[in-house]
Amino acid sequence: MEARKHDPRLAVEIAGIKFNNPVMGASGTFGYGLEFAELIDLNGLGGFSTKGLSARPLPGNPPPRIVETHGGMLNAIGLQNVGARAFVEQKLPLLRRFDTRVIANVFGYSDDDYLEAIQILNDGEGIAAYELNISCPNVKEGGIVIGNSASASARLTQKAKRGSSRPLIVKLSPNVTDVSVLARAIAEAGADSLSLINTIVGTSIDVNTRRPRLSYGTGGLSGPAILPIAVRMVQEVARAVDLPLIGIGGIASTSDALEFILAGATAVQIGTANYYDPTVTTKVIQGLASYCDRYRLDAISSIRGLAS
Amino acid sequence: MEARKHDPRLAVEIAGIKFNNPVMGASGTFGYGLEFAELIDLNGLGGFSTKGLSARPLPGNPPPRIVETHGGMLNAIGLQNVGARAFVEQKLPLLRRFDTRVIANVFGYSDDDYLEAIQILNDGEGIAAYELNISCPNVKEGGIVIGNSASASARLTQKAKRGSSRPLIVKLSPNVTDVSVLARAIAEAGADSLSLINTIVGTSIDVNTRRPRLSYGTGGLSGPAILPIAVRMVQEVARAVDLPLIGIGGIASTSDALEFILAGATAVQIGTANYYDPTVTTKVIQGLASYCDRYRLDAISSIRGLAS
Amino acid sequence: MIDTIAIVESNDELSPGYRLLVLSFGREVEARAGQFAMLKAAEVFEPLLRRALAIYRQPHPRRLSFLYQILGRGTQALSQLGPGSRVEALLPLGNEWPIDVRTGLAGVVVPSATVPNPDRNIVVAGGIGSASLLMLCEQLAKEGGETRLLFGAGNAAAARGCGLEDFAALGLPLTITTDDGSLGERGFVTEPLERLLREEDFSGAIIYSCGPWAMMSRVAEIADRYRLRCLVSLEAPMGCGFGVCVGCVVAVKTDGPPGYDSYKRVCVDGSIFSADRIEWKVNAMTHS
Amino acid sequence: MIDTIAIVESNDELSPGYRLLVLSFGREVEARAGQFAMLKAAEVFEPLLRRALAIYRQPHPRRLSFLYQILGRGTQALSQLGPGSRVEALLPLGNEWPIDVRTGLAGVVVPSATVPNPDRNIVVAGGIGSASLLMLCEQLAKEGGETRLLFGAGNAAAARGCGLEDFAALGLPLTITTDDGSLGERGFVTEPLERLLREEDFSGAIIYSCGPWAMMSRVAEIADRYRLRCLVSLEAPMGCGFGVCVGCVVAVKTDGPPGYDSYKRVCVDGSIFSADRIEWKVNAMTHS
Ligand SMILES: Cc1cc2nc3c(=O)[nH]c(=O)nc-3n(C[C@H](O)[C@H](O)[C@H](O)COP(=O)(O)OP(=O)(O)OC[C@H]3O[C@@H](n4cnc5c(N)ncnc54)[C@H](O)[C@@H]3O)c2cc1C
Ligand SMILES: Cc1cc2nc3c(=O)[nH]c(=O)nc-3n(C[C@H](O)[C@H](O)[C@H](O)COP(=O)(O)OP(=O)(O)OC[C@H]3O[C@@H](n4cnc5c(N)ncnc54)[C@H](O)[C@@H]3O)c2cc1C
Ligand SMILES: Cc1cc2nc3c(=O)[nH]c(=O)nc-3n(C[C@H](O)[C@H](O)[C@H](O)COP(=O)(O)O)c2cc1C
Ligand SMILES: Cc1cc2nc3c(=O)[nH]c(=O)nc-3n(C[C@H](O)[C@H](O)[C@H](O)COP(=O)(O)O)c2cc1C
Ligand code: FES
Ligand code: FES
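Residues numbered from 1 in each chain as written. Chains lettered and ligands numbered in written order. Predicted model: local features only at pLDDT ≥ 70, side-chain atom pairs only at ≥ 80, totals over all residues. Heavy atoms only, no water.

(A) Representation of the interface of chain A and chain B in the model. Taken residue by residue, the interface counts 43 residues in chain A and 43 residues in chain B. Counting each side, the surface lost to burial between chain A and chain B is near 3400 Å², with a carbon and sulfur contribution of 60%. Per-residue buried area on chain A facing chain B is highest for Ile205, Val207 and Arg210 of chain A; these three make up 20% of the total on that side. Inspection of the region where chain A meets chain B yields two salt bridges. Its salt-bridge partner being Glu259 of chain B, residue Arg213 of chain A comes within 4.0 Å of it at the nearest N-O pair. Taken together, the links from chain A to chain B amount to 15 residue pairs in polar contact (both at pLDDT 80 or more). Breaking the side of chain A that touches chain B down by element, the ones donating at least two residues are strand E11 (200–202), strand E12 (205–206), strand E13 (211–212), helix H6 (227–240), helix H7 (254–263) and helix H9 (280–294) of chain A. A breakdown of the residues in the side of chain A that touches chain B according to their chemical character gives 22 nonpolar, 14 polar and seven charged. (Contact = heavy atoms within 4.5 Å. Buried area = accessible area lost by both parts, 1.4 Å probe. Salt bridge = Lys/Arg side-chain N within 4 Å of Asp/Glu carboxyl O. Polar contact = N/O pair within 3.5 Å; in protein donor to acceptor, adjacent residues only side chain to side chain. Helix = DSSP H or I, 4+ residues; strand = E, 2+ residues; numbered from the N terminus. Nonpolar A, V, L, I, M, F, W, Y, C, P; charged D, E, K, R; others polar.)

As structure tokens, then:
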């Protein structure tokens, strides 16, 4: 763990967790982190959020699961994952070798499922925080079914916070009329941080078969197409609550990441861009350092929220 | 008016109005129609919706008003328009020369404003229907402020229907948790048809000036980026209400238009694509005819909603 | 106005970051000094919007050239086109430089009260704004009045990229400035303008200008001080280029309260405006 | 696996709609028969995702060729690249054709129970699926066992575009079919396969196949009927190509109830699978 090499200007803190820099891989786009070890220096990464982990392994939805759209893609993976137990036993030991923050993204079909997954993960060593995925649009129970309701979200947040041995990040759904109402309810329920946005529900229809292109029917839209919506929502939430925010949605470049920070985010997660540019996180980290050089910033966090 | 040349397979009907084909120009992207007379044969067009008309002329927002994003653009025009009276007196007489359906898009800061605009337009000859714009995100009153609330939308719809001498199309905001709730409330309040979607609220930040790129702060996202969201919402509304729908959002090709029809729309409006491809409406009309050829369809309306 | 597909004849680099694009059209095009086109590479899906480029020259009735600076994604995409590539083009757009002022300043929406002297002209070009001015200068040179040309650029290479040689070839009295002094005077092009007006008698002259917003705003100020008629060709981010998006507006001075006329569209009401009618403080540009 | 920028050496049309792309790399690349790369033109913003192309050949340690059919926006963008253009490339990806079956079918995730005879091989190529099979055929030709090559395409031009000449040059017994009969037998490539198995003794043979889903599904059925080992290289829409999006899955047969193992990723668990483990009825493809 070569702590020396980290640029101190990029360090950020969220709920007491120190990140070497504000750039993370987003859940569901960064596997279990290890898949990137061949491509980037994981020690240089601020952190990453795992694929959504449930108490028991899940098969996910039948194919086709993804379809590209203009400026983005729709996915309906349906949370295929190895399960919290296998993650703790098989993945975590390997991840502990790296100097980066591992966030466990947690999913369940019911409140109890979420709590059970957290219970299992509490045993794991090397997890920095939990990210409560109450915004996955590709499941018939849990996820967005909870996350689109302020009261259900608050209720689960409260329970999860009680059951959790670690800081709790709650990941917001963008599929709502007023994301700040949601954010306030979840903040009051005890969340330590909020991350946003998850994907936006969409669909794509094959005009020759006249059927939806995804087996699930609808999917979640991600990628550069959604960036303007995501930045706006971060700005709204930054005005509404006093929690550290993690900005997500369409980031593919340094200036994209800076937009989120200027809108009020403490850190960012990069999702879809990892697919078509697997070293994008490294490039953005370097880009943020150059931005600090250019504007003589002592800390990237000094520009947080300036565009509000 | 050469009625002969219209392809009968493409004719559609909405609230008793006959359209020569299901392809229209969307409000705010088609000017007052006349601007396109040099570029396309307006007689070949299904129809178009005017720039939002208010009882009195409006100046709109200060520049910058538009910014391009990946796969789309943000606009915060703020409804600069000549006013309903000038439209009736100066534009309508010229428009009456064309064999196409003119939809007057109506805007107001308050219920009374809307009603006043409709009152003025009721005098105009050559308007096929009104499209109630309760979904413009770029104004501090009216528009989305009404359109994001099912009860306010229903209330205004009822009043507008009473004050209107013509069929009433209500244009839905996509910035809501459940568009089908909105649609049902507006349908029950007496709307003859629903059009969707209007733009999605977003923002873009200049990382050098650290200010929003639009003077208004936020803007409405349009263009291909939003198509998957729009198609999904049309599908949801088609399942919820029994009214003819006009699908809007990111259409730039024949297959885009077909996605909306397969999702349940009777007709479509093309917006942003007119800017970068001014003859796109003509191309899509031709493309729909080819699709009918290819699949031996007697009527394009026979595939409506098949993907649901 | 036609919407058509043009074919790239050549697209050569004049200087790093600056290129000259020559397009050939299937039919004759009528292009006037100061007009522009909306252009986009035909097979490129992103960026979506066409980009506004001034018509630089018309070497042939079916051929137009454009001088452009590579800034972002749109001009980058254009820069990658080789001969034979297809370009989507809408043109000609906008009003023209009102050269024959004797017949009135037709086409310029907001008339001014000052009385122009059509025989004395000052052309102030800043950066790639030059692209809009070459055809004007060609015609002014032909008309025979007294025309001074002030040409500013970032440095010597940029000046070359902005077509300096073509301007110099016209034989008009020419003053060059560069920000770094690598060619001509060091400083902004507005300095020789002020000097000229201070030291020589240019009463009644018309100033024609195109360049960055800040420069044109300063030119307008100077013109006002010397009570000279000043015409500027403005830039604004453009959605459509033919008047339907109402996205490209600039704030203009109006007598009454704010109304429909408070904002004018650069694409159809301009791009050439009388400088005294512009609300220079209401910034039209994202990047000025 | 490396993520790198490759340079286009050539990108020639073999037949309308089919091209051969030769890329050169800054370093040596180790590529095995059946592996693939994720490719994208470097200066193109749309479409976003890289496209999966099989490694067709390795003419040089720092050079790879790819044979591709132009279908949609991604392959269209590739088709426009000229020599010297930059291509973003992630490679090599996926498992390899398990040629030396004596040492076990390493790399193929789901082993089969049938006992293979490594000296008898049948290769069934359908359309552009051929691209994944040339290096396999080269090696099978070298190994010296008995190898039959069945090559199907839409018509004569498509067959040429799918590299027919390169396959023919290997000197293996070759049967060609085209849908329209413009070359070889008229009909589907599965017909000569059935005939071969019916008329000759190919017990213990291994069938290697790549092509459209429907074709491979039929090949798998035939193999099952004759109790032959069958390996297929599958296609699926790919988000990443290296296992992280879990978007490219196919349904496989499992013993228990649906679980984490019900779906396998084509990009890292394949693209080569044992045909008897695939749930052919759960469609992996949008366009089959
Ligand atoms: C009437 C008119 C005539 C023009 N003539 C020429 C010309 O002859 N030669 C030439 O090089 N340029 C000309 N321009 C400017 C040219 O249109 C812009 O440089 C171009 O649109 C930038 O596109 P981009 O994709 O390269 O950059 P973007 O990625 O769109 O933006 C890059 C930078 O340019 C800024 N920008 C965006 N749009 C514009 C715009 N319309 N004008 C100026 N800056 C913008 C952005 O804020 C950003 O800082 C003209 C503009 C107008 C309105
Ligand atoms: C492991 C692997 C190896 C491949 N090797 C080759 C090869 O060597 N040569 C070659 O020409 N093609 C190969 N393909 C297929 C190639 O990836 C697709 O043709 C390509 O992605 C289509 O992209 P597009 O942008 O041109 O079309 P799109 O616009 O994405 O789609 C056009 C059509 O192709 C379909 N399609 C989309 N994605 C795929 C996909 N991954 N596979 C098949 N069809 C798809 C769409 O449904 C649509 O009908 C391979 C695919 C895989 C998974
Ligand atoms: C294929 C895919 C799978 C995803 N899986 C998860 C998940 O398991 N849990 C979660 O919280 N978010 C998941 N997401 C959402 C992303 O973490 C992110 O919020 C979203 O994609 C927006 O960011 P982007 O535009 O950078 O991709 C997934 C996204 C994609 C594209
Ligand atoms: C610049 C601009 C101005 C618009 N003005 C209006 C308007 O006045 N009234 C209205 O109902 N919709 C307006 N819209 C919304 C469009 O009609 C359409 O609903 C939206 O742009 C989505 O379609 P598109 O993606 O095809 O553009 C405007 C859109 C744009 C881009
Ligand atoms: S660019 Fe659209 S109105 Fe001027
Ligand atoms: S393509 Fe992403 S997991 Fe296979």
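(B) Representation of unusual backbone geometry. Of note, the amide linkage connecting Pro63 of chain A to Pro64 of chain A takes the cis form, showing an omega dihedral of -10°. Along the chain, Pro64 of chain A falls in the loop between strand E4 (47–49) and strand E5 (66–69). Cis rather than trans, the peptide bond between Leu91 of chain C and Pro92 of chain C has omega equal to -10°. Its place among the elements puts Pro92 of chain C in strand E7 (residues 86–93).

(C) How the structure looks around the pairing of strand E8 (residues 129–133) of chain B. Residue and element names in this part refer to chain B. Of all five residues in E8, five are buried, a share of seventy percent or more. The side-chain alternation of E8 yields two buried faces, one formed by Ala129, Glu131 and Asn133 and the other by Tyr130 and Leu132. Where strand E7 (residues 101–106) meets E8, four bridges bridge the pair, whose relative direction is parallel. Considered in E8, the bridge of Asn105 is made with Glu131. Note on the crossover from E7 through helix H2 (residues 111–122) to E8: the handedness is right-handed. The pairing of E8 with strand E9 (residues 168–171) spans four bridges and is classified as parallel. The residue of E9 that forms the bridge with Leu132 is Val170. (Buried < 20%, exposed > 50% of the residue type's maximum accessible area, 1.4 Å probe, protein only. Pairing = 2+ DSSP bridges. Right-handed = clockwise from strand over helix to strand, strands pointing away.)

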